[in-house]
Amino acid sequence: MIALPLPALFFPLKFAVSLLMLLDLAVLALFGLRLRRGLRVDEIGWLMPFMLAGMAVGLTLLVKAPERPLLVTLGVFLLCYAGWGLLRRGGPPKLARAWCAPIGFVGGTFSALFGTGGVLFAVYNAGRLRDAGELRANNAAMILLSSMLRLVLFGAVGLLAQDGLFPTAFALAPALALGFWLGGRLSARVPAAVVVKAVYALLVIAGLMLLARSL
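Let us look at the structure shown here. (Residues numbered from 1 in each chain as written. Predicted model: local features only at pLDDT ≥ 70, side-chain atom pairs only at ≥ 80, totals over all residues. Heavy atoms only, no water.)

**Let's talk about the layout of surface pockets**
At step 1: Approximately 220 Å³ is the volume found for the second largest pocket.
At step 2: As for the second largest pocket, its lining consists of Tyr-81, Trp-84, Pro-93, Leu-95, Trp-99, Pro-102, Ile-103, Val-106, Leu-120 and Val-123.
At step 3: Those elements giving two or more residues to the lining of the second largest pocket turn out to be α4 (67-87), α5 (100-114) and α6 (118-128).
At step 4: Sorting elements by how many residues they give to the lining of the second largest pocket places α5 first, with three residues. (1 Å grid on protein atoms, 1.4 Å probe; cavity = no way out; pocket = protein on both sides within 12 Å on 5 of 7 lines; lining within 4 Å. Points joined across faces, edges and corners; volume = space filled by probe spheres on them. Helix = DSSP H or I, 4+ residues; strand = E, 2+ residues; numbered from the N terminus.)

Right, dumping it as structure tokens:
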């Protein structure tokens, strides 16, 4: 969510979303996906059909819809999510399983459209799972599934054939690795509450920048 708005200011949205998808996969390849004990396949299974339907809609919009309203949608989404995070008090609300339909669909749509659906899957998982190990495992699994599905779908519609896509991804990979290394070093020194507030503040700035560009 933080990474996409900046390249979206300099590149077409199709290029920026495809670029971030490749970098997502680079993270998985470089650092590995450690699925911990406690993976709840049943919860993932309920999300999957709705996520796939949403991805089909999101990919269609990414390929065919005008870019400006999509950027407005992304900007509003970032502001709404940041506002929800800043105003929320207490732990995540408990969610009934029926929420898998709207959250799975919208999460799939935003995954294909902006690569930001993972936060919605995390909200669902946090509302369903109380064990920290299960929550981490399911969030990691959803990131992997979403990234692999987007790779297949983007390749099928030709988004991976955009000029300069792979050279740009390779050029940014060292910066990505440096950022993860630095984040790992800082994570033990910076209080989690400070990090969360900083993330939400960055999302507000990013949302406003996107709205300013598109409006």
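**Description of the packing of α4 against α5**
At step 1: The contact between α4 and α5 brings their axes to 12 Å, and the two run at 120 degrees. Classified by the interaxial angle, the pair formed by α4 and α5 is oblique. α4 and α5 meet at a crossing whose hand is left-handed. Here Leu-70, Thr-73, Leu-74 and Phe-77 of α4 come into contact with α5, specifically with Phe-110, Leu-113 and Phe-114.
At step 2: Partitioned by chemical class, the residues of the contact of α4 with α5 number six nonpolar, one polar and no charged. (Axes fitted to C-alpha atoms, helices over the stretch in contact; angles between N-to-C directions. Parallel < 35°, antiparallel > 145°, perpendicular 65-115°, else oblique. Left-handed = near helix turned anticlockwise from the far one by under 90°. Contact = heavy atoms within 4.5 Å. Nonpolar A, V, L, I, M, F, W, Y, C, P; charged D, E, K, R; others polar.)

**Section: the packing of aromatic side chains**
At step 1: Tallying each qualifying case throughout the model produces six aromatic pairs.
At step 2: Grouped by ring-pair contacts, the aromatic residues Phe-77, Tyr-81, Trp-84, Phe-110, Phe-114 and Tyr-200 constitute a single cluster. (Phe/Tyr/Trp six-rings, centres within 6.5 Å; stacked < 30°, edge-to-face > 60°.)

**Re the packing of α6 against helix α7 (residues 132-156)**
At step 1: Remark: α6 packs on α7, axes separated minimally by 10 Å, with the N-to-C direction vectors making an angle of 155 degrees. Of the possible angle classes, the one that applies to α6 and α7 is roughly antiparallel. Relative to α7, α6 is oriented so that their crossing is right-handed. Residues Phe-121, Ala-122, Asn-125 and Ala-126 of α6 touch α7, and the partners they reach there are Leu-135, Asn-138, Asn-139 and Met-142.

**Remarks on the pattern of salt bridges**
At step 1: A complete count under the given rule lists eight salt bridges for this structure.
At step 2: Here Asp-42 makes a salt bridge to Arg-40, at a shortest N to O gap of 3.0 Å.
At step 3: Taking the shortest distance from any N to any O, the salt bridge between Arg-40 and Glu-134 comes out at 3.4 Å. With Arg-40 in the loop between α2 (13-31) and α3 (41-64) and Glu-134 in helix α7, this pair connects stretches of sequence that are 94 residues apart.
At step 4: Since its relative accessible area comes to 25%, Arg-40 is described here as partly exposed.
At step 5: The structure contains a network of salt bridges with shared partners spanning Arg-40, Asp-42, Glu-43, Arg-97, Arg-128 and Glu-134. (Salt bridge = Lys/Arg side-chain N within 4 Å of Asp/Glu carboxyl O. Buried < 20%, exposed > 50% of the residue type's maximum accessible area, 1.4 Å probe, protein only.)

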